[in-house]
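Structure at a glance
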Amino acid sequence: VDHTKDIQEILKQCNIQSDDFNSGWKKVDATRGADYILEGNQKSNEKRLASKECLAVRELANPEIVPMPFVTESFRISLIVPVMEKDSQKTMNMLRSFAKNSIENSERIFLMLVFIYTPERPDKNNNNDFFKDVKQLALQISKKYKKKDKVKTSSHLLWYSLQTKGLTPSSIELMDLVTHKLDDKTIILLGSPDMEIRSDYFNRVRMNTILGKQVFCPIPFVEYHPAIIYGKKRPTASLSFNTSLGHFDTLNHHHLSFYKADYLLARSLIEFPIVKAESELGDKVASANKLPAEKEKLCSLFMHSKVHSLTAPEPSLRLRYEEIFCDQEIMSELQMESCFVRRMRSFGRRSQIAEMVMNKEQ
C-alpha cells in the first residue's frame, strides 16, 4: 500500500521538509484508525543535525456525537389486565403471584384490573357481583401491603369495572377508556390473566419502551395444551422455556407497552372517534363503527406515527394455556382464518399430537 500521500500530509502538518524525512512507523487499530510516528533530521543554527519526532493519528471517520435515548430499569410500569368472566380463577392466581414477585420485591409496578361485564351479568359492586371473590382478594392484598409499607402512599393495585353492550371491547377501545386515568410518566403495559409475573420481562419492557421513539410489541411464549404435553402429570407451577412445552404465538397481538403521550398522538391520527365513556362502546347489532385492521392489532396503530414499533419474540413473556374460540358472528373472514391457525397451533407439536393419537388407537 502506498502511504506517500499520508506521509506528505503529516510532514507538512509537523513542519518537516520531505528531504529531512528519515524513518517512520505505522500501527493500524481496527476500532480507532492508524497511528503514525515519523522522524526527521533538521539542521540547527550551529549546523548540527537535530532529530525531530512527529506523532499523528488518522481516524477511521470524523468523530460524531450520536444522541441516544435514556432508559433505565427503574421506570414505573402500569400493568393493565382485562378480565373476562372465564378468567376469574386465573386472575386470582395472578394476584397472588403479583404480591409475591412484585410487591414483596418492591418492584415499581402498578396493577390495574379491568373487569369486563356483559349485559347478562350487569351487577357491579354488590353482593351479586360475578367478580366479587377476585375483588376481595385484591382488596386483602392491597390492605396487607399498605400496612407494611407506610412510607409510600400510592397503591399497588386498583380495579376498574367496565360495562359492555355484549361485544368485547377492542384493545384500542379499552385503552381509550383507561389511558386518561394513568400518569403521563409511567410506561403503560397491556397484559393478560394468563401471563406469568416475571421481573426479567418487566425490565425488558423498560429497556425497549422509549418515550417519543419506540413502543414494544413482544411475541409471547405460549404453553401448549396441558393434556398433550404433561399427560397424567401435574403441570409445573411456572412455565419453563422449552419448545416441547410451548411456542411463540406470532398471531397473539394482545401485549404491548408504550407511553401515554405516544399513544394519544398515534390515536389522534386515525379517524375512528375516541371512546370517552362506556355508553359509546359498540354492541353486536350496531357493529358498523368497527375499527379497521387496528382493531385486532393495537401495535399497528403506531404505524401512523413516527414512533418505531419493535416486534420481537420475548422468552420472558410466558402465557399459560388458554383455549381459543373462533366466533363467526363477531369475526371477519380474515380474523376467522387467523383464529383457526392460532387454534391449531395451540394444541402442541405435530409429533406430540401424533404420539397421543397413536397411544389412544393402541
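The present account deals with the structure reproduced in this document. (Residues numbered from 1 in each chain as written. Predicted model: local features only at pLDDT ≥ 70, side-chain atom pairs only at ≥ 80, totals over all residues. Heavy atoms only, no water.)

1. Topic: the packing of helix α4 (residues 171-179) against helix α7 (residues 260-268)
Helix-helix packing is characterised by the crossing angle of the two axes and by the distance between the axes. For the pair α4 and α7, the least separation of the axes is 12 Å and the interaxial angle reads 125°. By the angle class used here, α4 and α7 are oblique. Two packed elements cross with a definite hand, and for α4 against α7 that hand is left-handed. Contact with α4, carried on its side by Ile172, Met175, Asp176 and Thr179, involves Lys260, Tyr263 and Arg267 of α7 and no other residues of that element. In terms of residue class, the contact of α4 with α7 is built from three nonpolar, one polar and three charged. (Axes fitted to C-alpha atoms, helices over the stretch in contact; angles between N-to-C directions. Helix = DSSP H or I, 4+ residues; strand = E, 2+ residues; numbered from the N terminus. Parallel < 35°, antiparallel > 145°, perpendicular 65-115°, else oblique. Left-handed = near helix turned anticlockwise from the far one by under 90°. Contact = heavy atoms within 4.5 Å. Nonpolar A, V, L, I, M, F, W, Y, C, P; charged D, E, K, R; others polar.)

2. Things to note about the state of the cysteines
Counted under the stated rule, the structure contains three disulfides. Linked covalently through their sulfurs, Cys14 and Cys54 form a disulfide whose S-S length is 1.6 Å. One end of the pair, Cys14, is in the loop between α1 (4-13) and β1 (21-29); the other, Cys54, is in strand β3 (residues 49-59), with 40 residues separating them in the sequence. Residue pairing for Cys217: its cysteine sulfur links by disulfide to Cys299, the two sulfurs lying 1.7 Å apart. The S-S bond linking Cys217 to Cys299 shows a torsion near 75°; that makes this disulfide right-handed. Of this pair, Cys217 sits in strand β8 (residues 214-223) while Cys299 is found in the loop between α7 and β11 (308-319), placing the two residues 82 residues apart along the sequence. Among the residues examined, Cys217 registers a relative accessible area of 5% and is labelled buried. If the cysteines joined by disulfides in the protein are listed in sequence order, their pairing comes out as 1-2, 3-4, 5-6. (Disulfide = S-S within 2.5 Å. Buried < 20%, exposed > 50% of the residue type's maximum accessible area, 1.4 Å probe, protein only.)

3. Some thoughts on the layout of surface pockets
Taken as a whole, the second largest pocket encloses approximately 300 Å³ of empty space. Around the second largest pocket, the lining comprises 15 residues; the ones closest to its centre are Asn93, Met195, Glu196, Ala237 and Arg320. Its residues placed into classes, the lining of the second largest pocket shows six nonpolar, four polar and five charged. (1 Å grid on protein atoms, 1.4 Å probe; cavity = no way out; pocket = protein on both sides within 12 Å on 5 of 7 lines; lining within 4 Å. Points joined across faces, edges and corners; volume = space filled by probe spheres on them.)

4. Here's the deal with the pairing of β8
Taking burial as the measure, the 10 residues of β8 include 10 buried ones, the bulk of the element. Neither face of β8 is exposed, since Gln214, Phe216, Pro218, Pro220 and Val222 on one face and Val215, Cys217, Ile219, Phe221 and Glu223 on the opposite face are all buried. Pairing analysis gives eight bridges linking β8 to β11, with the strands arranged parallel. Bridge pairing in β11 places Cys217 opposite Thr311. (Pairing = 2+ DSSP bridges.)

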